[in-house]
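# Reading the structure
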Amino acid sequence: QVQLVESGGGSVQPGGSLRLSCAASGSWFSINAMGWYRQAPGKQRELVATITRGISTNYADSVNGRFTIFRDNAKNTVYLQMNSLKPEDTAVYYCNALVVGTLMDGEHAYWGQGTQVTVSS
């Protein structure tokens, strides 16, 4: 079993910054890609950013240039640095990890419980 625990959400004014963290615990053979998704009220969950184990990154157009995803493989933690926040960034942010449990397993997706980010003046 793998648990993902997020932290770092909160309320901030437009133009402000927040850093989200997501730490994985449990047992696995490898953690492959990790990422952040978000879901605003009345909308579908959408991809924000992903990062492979080899640190290749991918961003949604709406956050490219403002958000940075990075990971510390030694700590099994992925981060999302969010700068120049806008009201439209308000959402619940979810951490995701693609995990291989054992050599006999395929890849499974795990999700965190979500952390609220609110951008408002």
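Below, the structure is looked at part by part.

The rules behind these values
- Residues numbered from 1 in each chain as written.
- Predicted model: local features only at pLDDT ≥ 70, side-chain atom pairs only at ≥ 80, totals over all residues.
- Heavy atoms only, no water.
- Helix = DSSP H or I, 4+ residues; strand = E, 2+ residues; numbered from the N terminus.
- Rg over C-alpha atoms; globule rule 2.2 N^0.38 Å.
- Buried < 20%, exposed > 50% of the residue type's maximum accessible area, 1.4 Å probe, protein only.
- Areas by Shrake-Rupley, 256 points an atom, 1.4 Å probe, with all protein chains shown as cover.
- Lys, Arg positive; Asp, Glu negative; His and termini not counted.
- Charge placed at Lys NZ, Arg CZ, Asp CG, Glu CD.
- Core = buried A, V, L, I, M, F, W, Y, C linked by side-chain atoms within 4.5 Å.
- Contact = heavy atoms within 4.5 Å.
- Phe/Tyr/Trp six-rings, centres within 6.5 Å; stacked < 30°, edge-to-face > 60°.
- Lys NZ or Arg CZ within 6 Å of the ring centre and 35° of its normal.

## Observations concerning the overall build of the protein chain
When its secondary structure is counted, the protein chain shows zero helices and 11 strands. Sequence-ordered secondary structure for the protein chain, helices as α and strands as β, is β-β-β-β-β-β-β-β-β-β-β. The C-alpha atoms of the protein chain give 14 Å as radius of gyration, which agrees with the globular expectation for 121 residues (14 Å, within 12%). Overall, the C-alpha framework of the protein chain stretches about 50 × 25 × 25 Å when taken along its three principal axes. Burial analysis of the protein chain (121 residues in total) assigns 41% to the buried set. Carbon together with sulfur atoms contributes 48% to the accessible area of the protein chain, which is approximately 6300 Å² in total. Of the side chains in the protein chain, 9 bear a positive and 8 a negative charge, and the two mean positions are spaced by 5 Å.

## A word on the nonpolar core
Membership of the largest hydrophobic core comes to 30 residues, with the highest contact counts inside it found for Trp 36, Leu 80, Met 82 and Tyr 93. The set of elements that each furnish at least two residues to this core consists of strand S1 (2-7), strand S3 (18-26), strand S4 (30-39), strand S5 (46-51), strand S7 (67-72), strand S8 (77-82), strand S9 (91-100) and strand S11 (115-119). The greatest single-element share of this core, amounting to five residues, is contributed by S9. Discounting chain neighbours no more than four positions away, the residues touching Met 82 are Gly 16, Ser 17, Leu 18, Leu 20, Arg 66, Phe 67, Tyr 93 and Val 117.

## Comments concerning the packing of aromatic side chains
Within this structure, the stated rule accounts for two aromatic pairs. The side chain of Arg 45 reaches across the aromatic face of Tyr 94, ending 3.7 Å from its centre. Over the ring of Trp 111 we find Arg 45, and its NZ or CZ is 4.7 Å from the ring centre.

## Section: the side chain of Thr 77
Within the secondary structure, Thr 77 is located in strand S8. According to the relative accessible area criterion, Thr 77 is buried, its value standing at 7%. Ignoring any residue separated from it by four or fewer positions in sequence, one finds Thr 77 in contact with Cys 22, Ala 23, Phe 70, Arg 71 and Asp 72.

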